[in-house]
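# Notes for the structure review
This is what each chain is made of:
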Amino acid sequence: AVGHKVFGSLYQEQILEKLRKSAEHCDCLQCFFIIHSMGGGTGSGLGTFLLKVLEDEFPEVYRFVTSIYPSNEDDVITSPYNSILAMKELNEHADCVLPIDNQSLFDIISKIDLVVNSGKLDTTVKPKSLVTSSAGALKKQHKKPFDAMNNIVANLLLNLTSSARFEGSLNMDLNEISMNLVPFPQLHYLVSSLTPLYTLADVNIPPRRLDQMFSDAFSKDHQLIQADPKHSLYLACALMVRGNVQISDLRRNIERLKPSLRFVSWNQEGWKTSLCSVPPVGHSHSLLALANNTCVKPTFMELRERFMRLYKKKAHLHHYLQVEGMEESCFTEAVSSLSALIQEYNQLDAAKSMPVPDLPRLSVAM
């Protein structure tokens, strides 16, 4: 409430001035990146207020949002309220959202710890790495490995923008992601998976075989949000590859993976690919997969459930309602907006069980 209603209007002009100056320096302004947390007051409040400001000021420029969703062990007691209020703004003012949850990031770091501790695969930890302590010995258990978790998100953004920064045989600009992966304006939430996960550049691990890398990108272990896309419905999928990879390798792997993935009937060929010739430092190749998939629905349902548990008792509501401009209708509208989104995903999931029609092809006489 304070971030959105108070700080938003208080700092709007100063923020806009900085944005305009940055935009003026651009040769080709492709999009705005917003990185914010959903659970905290400033991240959710001011972060989503900015979305609206950007839409009003630069209506033609896409808004890409990386949102960090709270985990169940969240220490902000009002995070369900913050998240639901922020979700309404994301539904209305974002072009593309990459949801990431803290639990997935934490699990990934724990797996890296495990691999290094087990001593398998000739793994060694590089000096001064984020996975190690300042003493150089591996920490037994990360209490709060925020640096390493942030590093994974940073690598996601590096892969996402690699086509804009390096040459490649098949470059893809950010606008194309939104254009190809968002068939319906509301359904703009993309599940991201990254491989190798050790792009953390902390761990010396032998490179994965190319085909294995594509398989990894569709496994739950490499996703930055807890979801199961393989058993849900794909609306579209983008593969952003970096390194010495040929278009034929891409095509072969898409054909190999296709039978195990369920695509919506009207978009059976919904693949978007990009090849950037410069790999991440210390690796021969890497892959970022972005999937528009109905598997994000359980995350939203759980969010709504946590919200309702607090809201039914009107717990902590007075903290919000004492802020000028904040009314109880803001909460009911926000939860209705989320319910409408879940309903849209439900309708698509209902179509999942229908057989895919084998459409007649046009025969061309030569």
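- Going by what an unreviewed UniProt entry lists, the chain is known as Tubulin epsilon chain and is assigned to Daubentonia madagascariensis.
- The record held by UniProt for the chain lists under Subcellular location (unreviewed entry) the comment "Cytoplasm, Cytoskeleton, Microtubule organizing center, Centrosome".
- UniProt annotates the chain under Sequence similarities (unreviewed entry) with the comment "Belongs to the tubulin family."

## Here we look at the environment of L190
- Here L190 lies in the loop between α6 (174-181) and β5 (191-195).
- Owing to a relative accessible area of 0%, L190 belongs among the buried residues under this scheme.
- Distance from L190 to V97, taken between C-alpha atoms, is 6.2 Å for residues 93 residues apart in sequence.
- Apart from the residues within four sequence positions on either side, L190 is in contact with C96, V97, L98, P99, I177, L181, L290, A291 and N292.

## Comments concerning the environment of P196
- With respect to the helices and strands, the residue P196 is situated in the loop between β5 and β6 (203-204).
- Residue class for P196 comes out buried when judged on its relative accessible area of 11%.
- A C-alpha to C-alpha distance of 7.0 Å links P196 and M213, two positions 17 residues apart in sequence.

## A word on the pattern of salt bridges
- In total, this model carries 15 salt bridges according to the counting rule given.
- Residue K52 is joined to D56 by a salt bridge in which the shortest nitrogen-to-oxygen separation is 3.1 Å. In this pair, K52 and D56 both sit in helix α2 (residues 41-57), four residues apart, roughly one turn of the helix.
- On the basis of relative accessibility, which here comes to 52%, the residue D56 falls in the exposed class.
- Put simply, K111 and D221 hold a salt bridge, and the shortest N to O gap is 3.9 Å. Of this pair, K111 sits in helix α4 (residues 102-118) while D221 sits in the loop between α7 (210-217) and β7 (234-243), placing them 110 residues apart in sequence.
- Within this structure, E17, R20 and E57 form a network of salt bridges that share partners.

The rules behind each value
Numbers given for residues are sequential positions, taken from 1 along each chain in its written order. Local features in this predicted model are restricted to residues whose pLDDT is 70 or higher, and side-chain atom pairs enter the listing and the counts only when it is 80 or higher, whereas totals over whole chains, interfaces and linings include all residues. Hydrogens are left out, water is left out, and the side-chain values use all remaining heavy atoms of the structure. UniProt positions are given in the numbering used here, feature names are shortened, and annotations may be inferred rather than shown by experiment. The numbering of helices and of strands both runs from the N terminus, where a helix is a DSSP run of H or I of at least 4 residues and a strand a run of E of at least 2. Exposure is judged per residue with a 1.4 Å probe applied to protein chains only, and the accessible area is read against the type maximum: over 50% gives exposed, under 20% gives buried, and values in between give partly exposed. Contact definition: two residues touch when any of their heavy atoms are within 4.5 Å. Just to be clear on terms, a salt bridge is a Lys or Arg side-chain nitrogen sitting within 4 Å of an Asp or Glu carboxyl oxygen.

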